[in-house]
Every structure is written in C-alpha cells, then in structure tokens.
Amino acid sequence: MPNLNQKTIKQKINFSGIGLHSGVKTSMTLIPAPPNHGIIFKRSDLKNNNLINADFENVKKALLCTTIENEFGVSVSTVEHLLGVLCGEGIDNLLVEVDSSELPIMDGSANEFVNKIKKIGLKNYDTPKKYIKVQKKFEYKDGDKFITIEPSESDLIIDFEIIYKNQLIKNQRKTINLARDNLSEIYNSRTFCLFEDIDKIKKMGLAKGGSLENAIVIKDDEVLNEEGLRYQDEFVKHKILDCMGDIMLSHYNIFGKITCSQGGHKLTNEFLREFFADKNNYSLVEFKEKKVPNNTIYSKSLAATA
C-alpha cells in the first residue's frame, strides 16, 4: 500500500550526461523541497524567468519526448524518465536544476536516477498527500490509439499495449501495479527506435545526442546494440516508464486503472487535458490514516485543481 505522507529526497543528487535530442552536455541536480512545493524544474543557465512547473498544461511539445515550457517561453525537454521515477517512488516535492534545455538521457533508461535516489534515501513529512480519485470511466481515442481510465480504490494500475509491424517488437502487453509490483525492470528499460526512422528523426533536428549507448536500435529483426535486449519485453516496459512520467504531470498521484493501446507522449497529454477539463471525472482526496484503509474512508473530498 502507498505511504500517504508527502516525500522528498534526503540530500542533493548530481547527474551529468548528454541530451538525447540536443546533443548538449548537461548537468542536473535534484534538490530536496518542502511540503506542498511540488515538482519544479529550474534552468540554472538562465538568470530570470527560469522556473517551470511540472504540469500537463505546460506541455508544449510531445514529439519523441515531453517538453514543458513556462509562460516566458523557457522550456526543458525529455523530462519523462525522471518523472517516471518520481511517480513510481512516490516523491512529491523536488527542485530539479538543469543547466541546459534538456535533461541528460543517461543510458536511455531511468536506472541511474532511481539507483542514486534509493542510495540517498527519502525524507517523509508529516504533511498528508493529496490523491486524484477517478470517479468514473473516461476514454480518449485517436484513431486506433486509445487511453481509458477507471476507478481504483488504492493504487495506480497501468495496462499498456504496443503494436508494431516490426517482427522483433511485434505486439507486447504488460500490466503493473505501482504500489505492489517491483518496478526495477520498468526503470531499467531503455528508449528505442527503428533504424529506418533515424534519418527522418535527424532531419527534424532531433536525436543529435542519440547513440547505441543511450537507445536500443532495431534493424529488421536484429538488435544493433552489442549487449542486446535487457528483457524480451523491454519495449513495452519502457513505454510504461514514459507513461508514468507523463502521468506525473497531473501534480498528484492518481488512484485509477489506466489502459492504453499504442500510446505515446502526445496521446497521454491530450488525454490528461480532456480528463481534467471535466471536474465530474475526478476528485482530490486525503486520508485520515497513515496508509490506505481497506474500506478507503476519505478525510475530505476537495474541488480538484490539478
């Protein structure tokens, strides 16, 4: 069962690496933050107007990564892997300082992020969390792609499906329960692309820092990375990591079951905008108890502003 008090990290954590799409060497520092601070990104290379709230309404681009931008046009990209860890580990409050417009991609997974966070440890506050409680089933579709969300009393469940013509990837489907399952393989799964798409991606000005050191590349039925796959279903596991990161932009953890087919950053963001546009879809709740009770009695139900 999830812990119902707010969390941050115990001390600063530093990371450095290259931006997947910018190709720029980047340094990032995670800084503990007080209760009710939320997740905020700070462009440390800029002196003014450099704070960006982790908010689905601040998503300005969702092409091959998630880019959030503040009202002054200051942005930060590829936030989804770090946010996926914060979602899975229940971290509510953090200041993320980054000295360029993109987070470091590391090895294409979130493994180094979560390993350092677990090594440092988490600080628990007495302040209770607020949760988004799904009130009724909601569906968002874009052609054959769809996301649905329905009520779940005590956790976030993600059921994700990918469908590819590529004979190595094919169709994969996996379900995770965030509070009950071991998420280590989700965190350790890398981003991927098809070899035939690389030229098109580069012509769009993206993947300037991409390499076999930070992405899986598939050519026909072959993995070009020397080490091969970490898991046979690494592809769908990474898609779940991305989904967790994009869902984290809701401000609060969600109690609900998400089912997604052929989704990505754009579909998830469009879904969040439509879902939160109708306040009948959800409520914002707190618990009297330290952990979720079996009969899930809420201490209050608030008008949600997520």
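Only a predicted model underlies this, so the values are computations on that prediction, with no experimental measurement involved.

Here is what the cut-offs are and how they apply
Residues numbered from 1 in each chain as written. Predicted model: local features only at pLDDT ≥ 70, side-chain atom pairs only at ≥ 80, totals over all residues. Heavy atoms only, no water. Salt bridge = Lys/Arg side-chain N within 4 Å of Asp/Glu carboxyl O. Axes fitted to C-alpha atoms, helices over the stretch in contact; angles between N-to-C directions. Helix = DSSP H or I, 4+ residues; strand = E, 2+ residues; numbered from the N terminus. Parallel < 35°, antiparallel > 145°, perpendicular 65-115°, else oblique. Left-handed = near helix turned anticlockwise from the far one by under 90°. Contact = heavy atoms within 4.5 Å. Nonpolar A, V, L, I, M, F, W, Y, C, P; charged D, E, K, R; others polar. Pairing = 2+ DSSP bridges. Core = buried A, V, L, I, M, F, W, Y, C linked by side-chain atoms within 4.5 Å. Buried < 20%, exposed > 50% of the residue type's maximum accessible area, 1.4 Å probe, protein only. Phe/Tyr/Trp six-rings, centres within 6.5 Å; stacked < 30°, edge-to-face > 60°. Lys NZ or Arg CZ within 6 Å of the ring centre and 35° of its normal. 1 Å grid on protein atoms, 1.4 Å probe; cavity = no way out; pocket = protein on both sides within 12 Å on 5 of 7 lines; lining within 4 Å. Points joined across faces, edges and corners; volume = space filled by probe spheres on them.

A. Local environment of the pattern of salt bridges. Applying the stated rule across the entire model yields 13 salt bridges. Residues E227 and R230 are paired through a salt bridge, measuring 3.7 Å at the closest nitrogen-oxygen approach. Within this structure, D107, R190, E227, R230 and E234 form a network of salt bridges that share partners.

B. Structural context of the packing of helix α1 (residues 80-89) against helix α2 (residues 111-120). Contact geometry of α1 with α2 gives a least axis separation of 9 Å together with a crossing angle of 45 degrees. Taken together, the axes of α1 and α2 are oblique relative to one another. The hand of the α1/α2 crossing is right-handed. On α2, the residues touching H81, L82, V85, L86 and E89 of α1 are F113, V114, I117 and K118. Of the residues contributing to the contact of α1 with α2, the split by class is 6 nonpolar, 1 polar and 2 charged.

C. Expanded view of the sheet that holds strand β2 (residues 13-18). Read from one edge to the other, the open sheet built from 5 strands follows the order β2-β3-β9-β4-β5, with strand pairing classed as mixed. Each edge of the sheet is formed by a strand with only one pairing partner; in this case those strands are β2 and β5 (51-53). Averaged over all adjacent pairs, the angle separating strand axes in this sheet is 20 degrees, with direction ignored. Looking at chain direction, strand β4 (residues 39-43) and strand β9 (residues 94-98) are connected through 5 bridges and run parallel. Of the residues in β9, the one forming a bridge with F41 is V96. Of the strands in this sheet, β3 (25-32), β4 and β9 touch α1, which is tilted by about 150 degrees from β4.

D. How the structure looks around the nonpolar core. L30, F41 and M244 are the most contacted members of the largest nonpolar core, which totals 71 residues. Sorting elements by how many residues they give to this core places helix α5 (residues 234-247) first, with 7 residues. In terms of nonpolar packing, the next biggest core, distinct from the first, is built from 5 residues, L4, Y131, F255 and F287 among them.

E. How the structure looks around unusual backbone geometry. With phi around 65 degrees, N36 is a residue other than glycine that occupies positive phi space. For N36, a relative accessible area of 57% puts it in the exposed group. Unusually for a residue other than glycine, Q262 sits at a positive phi of about 65 degrees. With respect to the helices and strands, the residue Q262 is situated in the loop between β19 (253-261) and α6 (265-277).

F. Layout of the environment of V59. Inspection of the secondary structure puts V59 in strand β6 (residues 59-61). Placed 121 residues apart in sequence, V59 and R180 show a C-alpha to C-alpha distance of 30 Å. Dropping the residues within four chain positions of it, V59 is found in contact with T66, T67, I68, L249, N269 and R273.

G. Molecular detail of the packing of aromatic side chains. Applying the stated criterion across every chain, the model contains 11 aromatic pairs. Residues F138 and F275 carry aromatic rings whose centres are separated by 5.7 Å and whose planes lie at 65 degrees to one another, so their mutual orientation is edge-to-face. Of this pair, F138 sits in strand β12 (residues 138-142) while F275 sits in helix α6; the two residues are 137 residues apart in sequence, bridging distant segments of the chain. For the pair F138 and F275, one class covers both residues: buried. Between the aromatic rings of F275 and F276, the centroid separation amounts to 5.0 Å while the plane-to-plane angle is 75 degrees, which identifies the pairing as edge-to-face. For the pair F275 and F276, one class covers both residues: buried. One aromatic cluster is present, formed by F56, F138, F271, F275, F276 and Y282 through successive ring pairs. Positioned above the aromatic ring of F195, the side-chain terminus of K219 is 4.7 Å from the ring centre. Between the NZ or CZ atom of K237 and the centre of the ring of Y231, over which it lies, the distance is 4.5 Å.

H. The arrangement of the pairing of β4 in detail. Taken across its 5 residues, β4 has 4 buried, putting it largely inside the fold. Bridging between β4 and β5 involves 3 bridges; their strand directions are antiparallel. In the sheet register, I40 faces β5, and the bridge partner there is N53.

I. Examining the layout of surface pockets more closely. Looking at the largest pocket, its volume works out to about 1,300 Å³. If you trace the largest pocket, you find 46 residues lining it, with L64, Y164, F192, D197 and K239 closest to the centre. For the lining of the largest pocket, the elements supplying multiple residues, two or more each, are α1, β14 (156-163), β16 (192-194), α4 (198-203), α5 and α6. For the lining of the largest pocket, the residue count by class is 20 nonpolar, 13 polar and 13 charged.

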